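# Observations on chain architecture
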Amino acid sequence: MKKLQHNAKENLIYLLIWVLLFTAPVVSMYIRSTHHSDLDFSWTQILHVWQIYLVFLVVFLVHNFLIAPLLIYKGNKKMYFTALACVMALFITYECTTKPPRLPDRPQRPPMEQKMSAADSIGMNPQDGKKSEFRPDRRHMPPLMFGERDIIDTVIMFLLLGMNLGVKLYFKNERDKKQLAQLKTENLEQQLAYLKYQINPHFFMNTLNNIHALVDIDPEKAKESIIVLSKMMRYILYEGNNNIIPLQREVDFIEHYVQLMRMRYTDNVTIETHLPQNLQEGTVPPLLFISFVENAFKHGITYNKPSFIHISLDTADGHIVFSCKNSKKEGDGSKASPSGGRLEGVSEGGVGLVNVQKRLALIYKDDYQLDINDSADTYEVTLTLPASHTTTNKHY
């Protein structure tokens, strides 16, 4: 269907060009007859011009539908130039064999001049009776096989065919660009869908392990955690397939996750959240921040000494600023990533954190900033995003 639409646009251009060409003689004749009273509007002359144009049109159509596709779409140069040479040979032959009769280019000479010319034709000078050199009048010589008119028609024909190739190349290039963009979009969607597929099992694996640990310690908390988990599952099922979601829903999801974690840990772990409520602005892809939060609980909690996790989110000046800071376990380090660009570091936080970095690069490209501050005792991630982000991707 798209190819037919492109062909329709291309053929419309050709139609307009040929309509203009066939209309030009009528307009020209009308203007001449209007400005010169001794000239009449002659349809005979117009039809004669149209007859010449018709030959050009036939050659053009043969080239457009049969010959040009050999070069533009199949890339067969040898076959294209061979077919073009055959068509142009037929065109030139037709031009040379259908010359209109030549009109006399000067008036008839008087009888005396005719006699003198007759004398000249036998090589005699009628005045002195001596032979003279034979010098035939070039205007009475037979016309050349390939004359000036044929050269002009051939040049015009080549220009028309060159225009035909140029238009076809333009539309082919446009189609190729759109197909390439479509392939890139489909590849991006597949990558994002694959990354999200990895995030969900990874998240549920950690959460179910947390609930399993609560079953023996506090069954009531385990039951409560299952209720909270059901809310989180509902979020993933109904919001996870959307391109973007309101920021408040993502905030609620983080709070439910933190609620599960509070049930598991003792007072030896300080968990602080600064998450605004009733946010009216801001949109984000679903499940964007949870990997950072998971990473904080995985690497920031130790039972040997007091630990802390601070999570905050704020909106200001058209941006979303998310921050997650946690203490570090003894012997738990991180390593820098040679990612370049806006990405300054990568923690060894497992599959989830690596995937969220890939999602950021695919979705926001350079329109985000991820800062990682990795010190001896603390690890802090600060992510700055535009408050609203439009995209054509179907899967985040």
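Quick notes on the rules
Residues numbered from 1 in each chain as written. Predicted model: local features only at pLDDT ≥ 70, side-chain atom pairs only at ≥ 80, totals over all residues. Heavy atoms only, no water. Axes fitted to C-alpha atoms, helices over the stretch in contact; angles between N-to-C directions. Helix = DSSP H or I, 4+ residues; strand = E, 2+ residues; numbered from the N terminus. Parallel < 35°, antiparallel > 145°, perpendicular 65-115°, else oblique. Left-handed = near helix turned anticlockwise from the far one by under 90°. Contact = heavy atoms within 4.5 Å. Nonpolar A, V, L, I, M, F, W, Y, C, P; charged D, E, K, R; others polar. Polar contact = N/O pair within 3.5 Å; in protein donor to acceptor, adjacent residues only side chain to side chain. Buried < 20%, exposed > 50% of the residue type's maximum accessible area, 1.4 Å probe, protein only. Phe/Tyr/Trp six-rings, centres within 6.5 Å; stacked < 30°, edge-to-face > 60°. Salt bridge = Lys/Arg side-chain N within 4 Å of Asp/Glu carboxyl O. Expected span 1.5 Å × (residues − 1). Arc of directions from axis to C-beta. Core = buried A, V, L, I, M, F, W, Y, C linked by side-chain atoms within 4.5 Å. pLDDT = per-residue confidence, 0-100. Patch = residues over 30% accessible without salt bridge, like charges linked within 9 Å, V, L, I, M, F, W, Y side chains within 5 Å. Areas by Shrake-Rupley, 256 points an atom, 1.4 Å probe, with all protein chains shown as cover. Pairing = 2+ DSSP bridges.

Following both chains from N to C, one finds helix H7 (residues 247-264) and helix H8 (residues 290-300) inclined at 20°, their axes separated by 10 Å at the closest point. In terms of their interaxial angle, H7 and H8 are classed as roughly parallel. In the crossing of H7 with H8, the sense of the turn from one axis to the other is right-handed. Note on element contacts: H8 touches H7 through Ile-290, Val-293, Glu-294 and Phe-297, opposite Glu-250, Phe-253, Ile-254, Tyr-257, Val-258 and Met-261. Partitioned by chemical class, the residues of the contact of H7 with H8 number 8 nonpolar, no polar and 2 charged.

Let us now look at the side chain of Glu-250. Tracing the backbone shows Glu-250 in helix H7. From its side chain, Glu-250 meets the backbone nitrogen of Phe-289 in a polar contact 3.4 Å long. Beyond its immediate sequence surroundings of up to four residues, Glu-250 is in contact with Tyr-235, Ile-245, Val-284, Pro-285, Pro-286, Leu-287, Leu-288, Phe-289 and Ile-290.

Time to look at unusual backbone geometry. In the Ramachandran plot, Leu-287 falls in the positive-phi region, its phi being about 60° despite a non-glycine side chain. Following the sequence through the fold, Leu-287 ends up in the loop between strand S3 (283-284) and H8. Phi is positive for Lys-365, which is not a glycine, with a value near 55°. Structurally, Lys-365 can be placed in the loop between helix H9 (351-364) and strand S6 (369-374). Look at Lys-365 and you get exposed, because its relative accessible area is 56%.

Moving on, we get to the environment of Asp-377. Relative to the assigned elements, Asp-377 resides in the loop between S6 and strand S7 (378-386). Residue classification places Asp-377 among the exposed residues on the basis of a relative accessible area of 52%. When the C-alpha positions of Asp-377 and Gly-300 are compared, they lie 9.5 Å apart, and in sequence the two are 77 residues distant.

Right, let's talk about the packing of aromatic side chains for a bit. As enumerated under the stated definition, the model contains 14 aromatic pairs in all. Relative to Trp-43, the ring of Phe-41 lies with its centre 5.3 Å away and its plane at 70°, an arrangement referred to as edge-to-face. Every member of this aromatic cluster is reached through a ring pair, and the members are Tyr-14, Trp-18, Phe-22, Phe-41, Trp-43, Trp-50, Tyr-53 and Phe-60.

All right, on to the pattern of salt bridges then. Two side chains of opposite charge can pair, provided their charged atoms sit close to one another. Going through the model one piece at a time under the given rule, you end up with 4 salt bridges. A salt bridge links Glu-10 to Lys-168; its shortest N-O distance comes to 2.9 Å. Linking Glu-10 in helix H1 (residues 2-35) with Lys-168 in helix H5 (residues 148-217), this pair joins segments that are 158 residues apart in sequence. By the burial criterion, Glu-10 is buried, and Lys-168 matches it.

Before going further, it helps to spend a moment on helix H6 (residues 219-239). With 21 residues, H6 should cover 30 Å at 1.5 Å per step; its first-to-last C-alpha distance of 30 Å lies within 8% of that length. Among the residues of H6, those classed as buried are Ala-222, Ser-225, Val-228, Leu-229, Met-232, Tyr-235, Ile-236 and Glu-239. Burial along H6 is one-sided: seen end-on, the buried residues are contained in an arc of 125°. Exposed and oriented more than 90 degrees from the buried face of H6 are Glu-220, Lys-223, Leu-237 and Tyr-238.

This paragraph deals with the nonpolar core. Ranked by internal contacts, the top residues of the largest apolar core, which has 49 residues, are Phe-289, Val-293, Phe-297, Leu-313, Phe-322, Leu-383 and Leu-385. Of all hydrophobic cores here, the second largest spans 21 residues; its members include Val-55, Phe-60, Tyr-80 and Phe-171.

Moving on, we get to the environment of Ile-13. Along the chain, the position of Ile-13 falls in helix H1. Residue Ile-13 is classed as partly exposed on the basis of its relative accessible area, which comes to 33%. Between the C-alpha atoms of Ile-13 and Val-167, which are 154 residues apart in sequence, the distance is 8.6 Å. The residues touching Ile-13, leaving out its near neighbours within four places in the chain, are Val-167 and Phe-171.

Close inspection of predicted coordinates is inappropriate for parts of the model with low pLDDT. On average, residues of the protein chain carry a pLDDT of 77, and 73% of them reach 70 or more. Counted against residues more than four places away or in other chains, residues 102-109, with its pLDDT under 50, gives 9 contacts. Here residues 392-396 scores under 50 on pLDDT; set against residues more than four positions off or in separate chains, the count is 24 contacts.

Take a nonpolar patch on the surface next. Taken together, Val-27, Tyr-30, Ile-31, Phe-41, Trp-43 and Leu-47 make up a surface patch of nonpolar side chains, about 600 Å² in accessible area. Examining the composition of the nonpolar patch, we find that 3 residues originate from one element, H1, more than from any other. Relative to the helices and strands, Tyr-30 is located in helix H1.

Turning our eyes to something else, we now look at the pairing of strand S4 (residues 307-316). Side-chain alternation along S4 places Ser-307, Ile-309, Ile-311, Leu-313 and Thr-315 on a buried face and Phe-308, His-310, Ser-312, Asp-314 and Ala-316 on a face that remains uncovered. In this sheet, S4 lies alongside strand S2 (residues 269-274) in parallel orientation, the contact comprising 6 bridges. Each residue of the ladder has a partner; that of Glu-272, found in S4, is His-310. Bridge analysis of S4 against strand S5 (residues 319-327) gives 8 bridges, and the strand direction is antiparallel. In the sheet register, Ile-309 faces S5, and the bridge partner there is Asn-326. In textbook terms, the turn of a hairpin is the stretch between consecutive antiparallel strands, and for S4 and S5 this stretch comprises 2 residues, one of which, Asp-317, has a positive phi near 55°.

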